[in-house]
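Structural features, examined
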Amino acid sequence: MAAPGAGDPLHAKSGKAPVAQRIDPTREKLTPEQVQFMRQVQLAQWQKSLPQRRTRNIVTGLGIGALVLAIYGYTFYSVSQERFLDELEDEAKAARARALARASGP
C-alpha cells in the first residue's frame, strides 16, 4: 500500500481529491519560478480547452450568419412582393389624366 500523498489522488481518510489553494499574486510574494509555473499551467489549460471553444465559436458564427442571411433573403422576398408603390403610381397617373382632361375640357 502506498503512503498517503505519494501519487494517490484521493485522501485515504476523507475520500476527497485535494483542491488547489487560491492565491492572489498581487498580495503574496511569489518567486519567478512560481510565476513561470503558473503561466505554464494556465497556458496548458487554455490549450486543452481551445478545440472545444473553437468548435463552439464556429457553430455560433455559422448560426449568426445563417440568421443574417435568412433575414436578408426574407427582406428581399417581401419587398419584391409589395405592389403598393405600383398602385400609387397608377393612382397618380389617373389623377394627372383627370386634371389634364378638366383643363382641356371646357
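All residue numbers refer to position in the chain's written sequence, counted from 1. In keeping with the model being predicted, local features are shown solely for residues with a pLDDT of at least 70 and side-chain atom pairs are shown and tallied solely at 80 or more, while totals for entire chains, interfaces and linings include all residues. Hydrogens and waters are ignored; side-chain quantities use all the structure's heavy atoms.

A separate point is the overall build of the chain. Secondary structure elements follow DSSP: runs of H or I of four or more residues count as helices, runs of E of two or more count as strands, with numbering from the N terminus. Counting secondary structure elements, the chain contains two helices and zero strands. Residue exposure (1.4 Å probe, protein chains only): buried if accessible area is under 20% of the type maximum, exposed if over 50%, otherwise partly exposed. With 106 residues in all, the chain has 0% of them scored as buried. Carbon and sulfur atoms provide 62% of the accessible area of the chain, an area that totals close to 10,200 Å². Here the accessible surface of atoms and residues is derived via Shrake-Rupley with a 1.4 Å probe, and residues count as covered only by protein chains that are part of the display.

Next up on the list: the pattern of salt bridges. By definition here, a salt bridge exists when the distance from a side-chain nitrogen of Lys or Arg to a carboxyl oxygen of Asp or Glu is within 4 Å. Applying the stated rule across the entire model yields two salt bridges. The salt bridge involving Asp24 is made with Arg27; its shortest N-O contact spans 3.6 Å. Looking at Asp24, the relative accessible area reads 31%, which means it is partly exposed. Given a relative accessible area of 72%, Arg27 falls into the exposed group. Among the ionic pairs, Arg96 bridges to Glu89, the shortest N-O distance being 3.9 Å.

It is worth spelling out the UniProt feature "transmembrane region" (unreviewed entry) in the chain at this point. Mapped onto the present numbering, the UniProt feature "transmembrane region" (unreviewed entry) falls at residues 58–77. When the span residues 58–77 is considered, its composition is 100% helix and 0% strand, and the gap between its end C-alpha atoms is 28 Å. UniProt positions are given in the numbering used here, feature names are shortened, and annotations may be inferred rather than shown by experiment.

Together, Asp86, Glu87, Asp90 and Glu91 line one region of the surface with negative charge. Looking at where Glu87 falls in the secondary structure, it is placed in helix α2 (residues 84–104). What makes a patch is a set of residues exposed beyond 30% relative accessible area and free of salt bridges, joined within 9 Å when like-charged and within 5 Å when nonpolar (Val, Leu, Ile, Met, Phe, Trp, Tyr). Just so you know, the count uses Lys and Arg for positive and Asp and Glu for negative, and it drops His and the chain ends. The atom standing in for a charge is NZ when the residue is Lys, CZ when it is Arg, CG when it is Asp and CD when it is Glu.

Moving on, we come to the packing of aromatic side chains. The criterion for an aromatic pair is that two Phe, Tyr or Trp rings (for Trp, the six-membered ring) have centres within 6.5 Å, with stacked assigned to planes under 30 degrees apart, edge-to-face to planes over 60 apart and tilted to the rest. As enumerated under the stated definition, the model contains one aromatic pair in all. Centre to centre, the rings of Tyr72 and Phe76 are 4.9 Å apart; their planes meet at 75°, and the pair counts as edge-to-face. Taken together, the residues span about one helical turn, with Tyr72 and Phe76 both in helix α1 (residues 32–81) at a distance of four residues. You'll find Tyr72 and Phe76 in the same group, each marked exposed.

As a per-residue quantity, pLDDT reports the predictor's confidence and falls between 0 and 100. Per-chain confidence: the chain averages 82 in pLDDT, with 81% of residues scoring 70 or above. Contacts are assigned to residue pairs that have any heavy atoms within 4.5 Å of one another. Note on residues 1–5: pLDDT is under 50 here. Beyond four places in sequence and across chains, it has zero contacts.

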